Amino acid sequence: RSEMSDAVATRASILFLWGQFGPYHQDRCKAAATLPRHTVLGVEIANNSSHHYAWSPTEASGFTKITLFPDQTYEQVGFLRRLSSLTRMGMHAGADYNFLCHYDQPEIFMFAVVLRLLRRRVFIMWESKFDDRPRSCWREILKWCLLRPYHGALTSGVRSRSYLMFLGMASRPIASGYDSVSIERLRTLAGLPSAPAGTSFQQRDFVVIARIVAKKNLSLVIAAYDLYRRRAQGNLRKLVILGTGPLDAALKA
């Protein structure tokens, strides 16, 4: 509680909320903090996850960041504790614009409702598309209900925008550009000349960056690479998959 009070002592005008921060969440908050006359507060529920992401805990750079449950994994924190902590944080922060992820979690929906009752602007961060998986009428109706508290959305692209419009948000503002990363940070980490310098195009690998879980469908990537390997002429490019997850051993086999 003392950490939360210290972090929101200066009123935040923009708040971003994710279950757990990774490097690209840092990028987005840092970039938003460069806007004039705005302060940015980044909030994560926990800084570790036992099932989803293998990110190491991160430190804020250029913005204020708080972790609601710093000594626990995301999965260890129950619904009521998440909702209680989110509500206290939201009331203390007093952010004018609140960007929330994980709309399908009950505590996030109720937190969005609380923010609306406090007359705050609430936006969803969204990257789903209609063709991600088979859709059912009843689930789409439920999503329509879960999206009612939001004033607008920040999406990953055109197809995500179309899906939100299908779900009843056509009259609300929808902006693209959610899936952004710091190109400067990636170039620094690479330590190599940027294209078109460096490795020639013909010698570059096929690279996939993803969690190694079923919904990423990496088995299809490997099947496609096998087809390429059997049909291609001349030097073959390598396939490189970067990530961690429970299917790691099976995909290697």
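Preceding block: the structure.
What counts as what
Residues numbered from 1 in each chain as written. Predicted model: local features only at pLDDT ≥ 70, side-chain atom pairs only at ≥ 80, totals over all residues. Heavy atoms only, no water. 1 Å grid on protein atoms, 1.4 Å probe; cavity = no way out; pocket = protein on both sides within 12 Å on 5 of 7 lines; lining within 4 Å. Points joined across faces, edges and corners; volume = space filled by probe spheres on them. Helix = DSSP H or I, 4+ residues; strand = E, 2+ residues; numbered from the N terminus. Expected span 1.5 Å × (residues − 1). Buried < 20%, exposed > 50% of the residue type's maximum accessible area, 1.4 Å probe, protein only. Arc of directions from axis to C-beta. Contact = heavy atoms within 4.5 Å. Core = buried A, V, L, I, M, F, W, Y, C linked by side-chain atoms within 4.5 Å.

Student: Describe the layout of surface pockets, and please don't skip the residues or the numbers.
Tutor: Estimates place the volume of the second largest pocket at around 410 Å³. Breaking the lining of the second largest pocket down by element, the ones donating at least two residues are β1 (14–18), α2 (23–32) and α7 (183–190). Per-element tally for the lining of the second largest pocket: the top contributor is α2, with 6 residues.

Student: Help me get a handle on helix α4 (residues 106–117), residues and values and all.
Tutor: For α4, with 12 residues, the first-to-last C-alpha span of 17 Å sits near the 16 Å given by 1.5 Å per residue. Among the residues of α4, those classed as buried are E107, I108, F111, A112 and L115. Down the axis of α4, the buried side of the element spans an arc of 140°, and every buried residue falls inside it. In this structure, the buried residues of α4 make contact with β1, α3 (79–93), β4 (97–100) and β5 (121–126).

Student: Describe the nonpolar core, listing the residues and the values that go with them.
Tutor: A general tendency of soluble globular proteins is for nonpolar side chains to be buried together. The biggest cluster of nonpolar side chains holds 33 residues, and the ones touching the most others in it are L15, L17, M89, L100, L147 and Y150. Within the residue set of this core, elements represented by two or more residues are β1, β2 (40–48), β3 (64–73), α3, α4, β5 and α6 (158–169). Leave out the neighbours within four places in its chain, and L17 touches V43, I45, L86, F99, L100, C101, I108, F111 and M125. Ranked by size, the runner-up nonpolar core spans 14 residues in total, among them I14, W18, C101 and Y178.

Any functional reading would require information that these geometric values do not contain.
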